[in-house]
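Single-letter residue listing:
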Amino acid sequence: MSSPLEQFEIKPIVSLWVKGYDISFSNSALAMVISSAAIILIFALLLRKRSIIPNLAQSVPEALYEFIYNLIKSSTGKAGLKYFSFIFCLFLYIAVGNVFGLFPYSFTFTSHVAAVGMLSILALVFNMIVGIRARKLGYLRTFLPKGIPYALAPLVVPIETISLLSKPFSLTVRLVANMTVGHIMLKILGGFVVGLGLFGFVPIVFQALIIIFELFIAVLQAFIYTVLSCIYLGDALRAH
Amino acid sequence: MKKTDDIAKLEKRISAFKKNKEAQEQRGAQISPSTNAAKGFQMSIELVSAIAVGAAIGYVLDHIFGVSPVFLCVLTILGGAAGVLNMYRTAKAQDEGEN
């Protein structure tokens, strides 16, 4: 029986080395391309006929749009709505990536620290740029909140810096841990189905239930990731 | 006579719908990551990640300045402080969301 961790192995599809750096097109990259293409295709298909009174197909993306719109509005206020497109893309990319990973023989790129970590760092840099643009030098107040005496600055500034830098790390670990655990569990239960022979139908029932649960977790984790990015964006836009 | 009855009924339905919608909007404004288990998980991750990031920064600074393990010790402790601060802020945000 193969190892339950085998599914997370990155294998190059098209080998490519540039100046000693491996920039091969891997199965992870393929999964990303497929999920991105799937988002664009599904949205293009559903929004083919655009009318003021939406039909069923059109109301699905509209409901999603409104959902994220209200989320940003309630966590960052009106000022955050300018960055709607970024947050919306983030949500769709992670949600579709998570769900895509549940298909047999596919690859879950959201279970890799490298992929999600880069996304989180991107979100952090984006938040910093937005914060600096909105508050200019006042953004430096993030590192020394109002009401703290300057004598404490040598202690508070490093603490606030670590606090800021730990945000993308905690975002990444949460998503990656949830995805990895779910997939390992599915694989191990799958091994039981084969190993138990005639009694294999018992783990199959569990498997079916866990697949539904994993589908829920996949969307929930994308939602939590988006909510927390919204909260961090709100923090960047206004002082504590 | 019948027409006014119909209009009164319609008005009732509209006002009921409006009330319902307002209540829904208020509920939608409170965003908190679902269950208590999720909250606990978030707290633990926040504490641990801050310590890990502090230690990592300390390790890198030690390598740059060649004063191992001064920065590692100091920044790990400060990371713990940052973790508690993160947890406190999350708890405060959740309290505000519930009230």
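Everything numeric in this text was worked out from a predicted model, so none of it was measured.

The rules behind these values
- Residues numbered from 1 in each chain as written.
- Chains lettered and ligands numbered in written order.
- Predicted model: local features only at pLDDT ≥ 70, side-chain atom pairs only at ≥ 80, totals over all residues.
- Helix = DSSP H or I, 4+ residues; strand = E, 2+ residues; numbered from the N terminus.
- Buried ≥ 20, exposed ≤ 12 C-beta atoms within 10 Å, placed from the backbone.
- Contact = placed C-beta atoms within 7 Å.
- Core = buried A, V, L, I, M, F, W, Y, C linked by C-beta atoms within 7 Å.
- Nonpolar A, V, L, I, M, F, W, Y, C, P; charged D, E, K, R; others polar.
- Axes fitted to C-alpha atoms, helices over the stretch in contact; angles between N-to-C directions.
- Parallel < 35°, antiparallel > 145°, perpendicular 65-115°, else oblique.
- Left-handed = near helix turned anticlockwise from the far one by under 90°.
- pLDDT = per-residue confidence, 0-100.

### Overview of the overall build of chain B
Working step 1: For chain B, the helix and strand inventory stands at three helices and zero strands.
Working step 2: Counting helices and strands in the order they occur from the N terminus, chain B gives α-α-α.
Working step 3: Considering chain B as a whole, with its 99 residues, one finds that 21% of them fall into the buried category.
Working step 4: The long-range share in chain B, meaning contacts at least 24 apart out of those at least 6 apart in sequence, stands at 58%.

### Details of the nonpolar core
The nonpolar side chains of a soluble globular protein tend to be buried with one another.
Residue and element names in this part refer to chain A.
Working step 1: Counting residues in hydrophobic clusters, the biggest one holds 48 residues, and the most contacted among them are Phe91, Ala95, Ile162 and Tyr225.
Working step 2: Here this core gets ten residues from one element, more than from any other, and that element is helix 6 (residues 201-237).
Working step 3: In this view, tyrosine 225 contacts Ile94, Leu171 and Leu175; residues no more than four positions away in its chain are not counted.

### Describing the interface of chain B and chain A
Working step 1: Listed as interface residues are 19 residues of chain B and, on the opposing side, 16 residues of chain A.
Working step 2: Grouping the amino acids of the side of chain B that touches chain A by side-chain chemistry returns 13 nonpolar, five polar and one charged.

### Here's the deal with the environment of B:Val53
Working step 1: Within the element layout of this structure, B:Val53 appears in helix 2 (residues 36-65).
Working step 2: Owing to 25 C-beta atoms within 10 Å, B:Val53 belongs among the buried residues under this scheme.
Working step 3: Separated by 32 residues in sequence, B:Val53 and B:Leu85 have C-alpha atoms that sit 14 Å apart.
Working step 4: With near-sequence residues (within four places) excluded, B:Val53 lies in contact with A:Ile162, A:Leu165, A:Ser166, A:Phe169 and B:Gly79.

### Describing the packing of helix 5 (residues 153-195) of chain A against helix 2 of chain B
Working step 1: Between helix 5 of chain A and helix 2 of chain B, the least distance of the axes is 8 Å, while the angle of their chain directions is 120 degrees. It follows from the interaxial angle that helix 5 of chain A and helix 2 of chain B lie oblique. The handedness of the crossing between helix 5 of chain A and helix 2 of chain B comes out as right-handed. Where helix 5 of chain A abuts helix 2 of chain B, its residues A:Ile162, A:Ser163, A:Leu165, A:Ser166, A:Phe169, A:Ser170, A:Val173 and A:Arg174 lie against B:Ile45, B:Glu46, B:Ser49, B:Ala50, B:Ala52, B:Val53, B:Gly54 and B:Ile57.
Working step 2: Split into classes, the residues belonging to the contact of helix 5 of chain A with helix 2 of chain B amount to nine nonpolar, five polar and two charged.

### Considering the confidence of the model for chain B
Residue and element names in this part refer to chain B.
Working step 1: On average, residues of chain B score 82 in pLDDT, and 82% of them are at 70 or above.
Working step 2: No element of chain B has a lower mean pLDDT than helix 1 (residues 2-29), at 76, and none a higher one than helix 2, at 89.
Working step 3: The ipTM, which scores confidence in the relative placement of chains, is 0.74 for this predicted complex, and the corresponding pTM is 0.81.

### Observations concerning unusual backbone geometry
Working step 1: Here the residue pair B:Ser68 and B:Pro69 is connected by a cis peptide bond, since its omega of 0 degrees sits within 30 degrees of zero.
Working step 2: Relative to the assigned elements, B:Pro69 resides in the loop between helix 2 and helix 3 (70-98).
Working step 3: The phi angle at A:Lys19 is positive, at roughly 50 degrees, despite the residue not being glycine.
Working step 4: Among the structural elements, A:Lys19 can be located in the loop between strand 2 (17-18) and strand 3 (21-22).
Working step 5: Its 5 C-beta neighbours within 10 Å are what place A:Lys19 among the exposed residues.
Working step 6: Unusually for a residue other than glycine, A:Tyr105 sits at a positive phi of about 65 degrees.

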